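Chains, contacts and geometry: an overview
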Amino acid sequence: MAIGTTAEAATGTRGTTDTAAGLRAHTFLRASVALQTVAVLFQAVTAGLLLSTSYGETLHSVGARVMYGSSMLYLLAAVLAWRPGGGSPRPVLYATGFLVLASAQVVLGLAHVPSVHVPLGVVVFGLSMAVLVRMPAVRATRRTAGTRG
């Protein structure tokens, strides 16, 4: 299997000319989902600190901005993996959904509605973790054209 075929199967690129761009776009997409997942986990930790320390509110507030920014970065990475990278449009739908959920989290947090804000945060973390775990890693192997595997 050639590099172009491996990249095409993993990222949906259409040809070998897009292989490097497709691999970079997929790597950026995976990294942005990982950042989002870590940011949401940080929010869960700082929510506990919010209840028990004086500096918890500051950390949770900063974490909210990072989490929202990482959701926007995820959407950007999904669009770049889809259009120029030649990948599937499905990650764009997921990223848009996460941005909507992140927006709801911000609104509910500012409105002090913990009865919805906390369970929604758990759902967001679970969904983000599921997307991260299900996202395939791209591994391009170099083989000569005559070699079969």
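Description of the structure in this document.

Cut-off values and rules
Residues numbered from 1 in each chain as written. Predicted model: local features only at pLDDT ≥ 70, side-chain atom pairs only at ≥ 80, totals over all residues. Heavy atoms only, no water. Helix = DSSP H or I, 4+ residues; strand = E, 2+ residues; numbered from the N terminus. Buried < 20%, exposed > 50% of the residue type's maximum accessible area, 1.4 Å probe, protein only. Contact = heavy atoms within 4.5 Å. Areas by Shrake-Rupley, 256 points an atom, 1.4 Å probe, with all protein chains shown as cover. Axes fitted to C-alpha atoms, helices over the stretch in contact; angles between N-to-C directions. Parallel < 35°, antiparallel > 145°, perpendicular 65-115°, else oblique. Left-handed = near helix turned anticlockwise from the far one by under 90°. Nonpolar A, V, L, I, M, F, W, Y, C, P; charged D, E, K, R; others polar. Phe/Tyr/Trp six-rings, centres within 6.5 Å; stacked < 30°, edge-to-face > 60°. Lys NZ or Arg CZ within 6 Å of the ring centre and 35° of its normal. Expected span 1.5 Å × (residues − 1). Core = buried A, V, L, I, M, F, W, Y, C linked by side-chain atoms within 4.5 Å.

On to the overall build of the chain, then. Across its full length, the chain carries five helices and zero strands. Beginning at the N terminus, the succession of helices and strands in the chain can be written as α-α-α-α-α. A buried classification covers 32% of the 149 residues belonging to the chain. Long-range pairs, those at least 24 residues apart, make up 64% of the contacts in the chain with a sequence separation of at least 6. Here the chain displays about 9000 Å² of accessible surface, and carbon together with sulfur accounts for 68% of that area.

It is worth spelling out the packing of helix α2 (residues 19–52) against helix α5 (residues 114–134) at this point. For the pair α2 and α5, interaxial distance at closest approach is 9 Å and the crossing angle is 150°. Between α2 and α5, the crossing angle belongs to the class labelled roughly antiparallel. The hand of the α2/α5 crossing is left-handed. Contact residues: α2 offers R30, V33, A34, Q36, T37, V40 and L41, while α5 offers G121, V124, F125, S128, M129, V131 and L132. Taken together, the residues of the contact of α2 with α5 break down into nine nonpolar, four polar and one charged.

Here the focus is the side chain of S32. Position of S32 relative to the elements: it lies in helix α2. Not counting chain neighbours up to four residues away, the residues in contact with S32 comprise L73, Y74 and A77.

Trans is the common state for peptide bonds, and a negative phi is the common state for residues other than glycine. A positive phi angle is found at H112, which is not glycine, with a value near 55°. With respect to the helices and strands, the residue H112 is situated in the loop between α4 (90–110) and α5.

Under the counting rule described, the total for this entry stands at one aromatic pair. With 5.8 Å between their ring centres and 55° between their planes, Y74 and F98 make a pair best called tilted. Pair noted here: Y74 is in helix α3 (residues 56–82) and F98 is in helix α4, with a separation of 24 residues, a long-range link. Looking at R83, its charged tip hangs above the ring of W82, at a distance of 5.0 Å from the centre.

As a further point, take α3. Compared with an ideal rise of 1.5 Å per residue, which puts 27 residues at 39 Å, α3 spans 38 Å between its outermost C-alpha atoms and is within 8% of the ideal. Where α3 is buried, its residues touch α2, α4 and α5.

Attention shifts here to the nonpolar core. Judged by nonpolar contacts, the single largest core of 20 residues is most densely connected at L29, V33, Y74 and V131. If you list the elements that add at least two residues to this core, you get α2, α3, α4 and α5. Contacts of V33, omitting those with residues within four sequence positions, involve Y74, S128, V131, L132 and M135.

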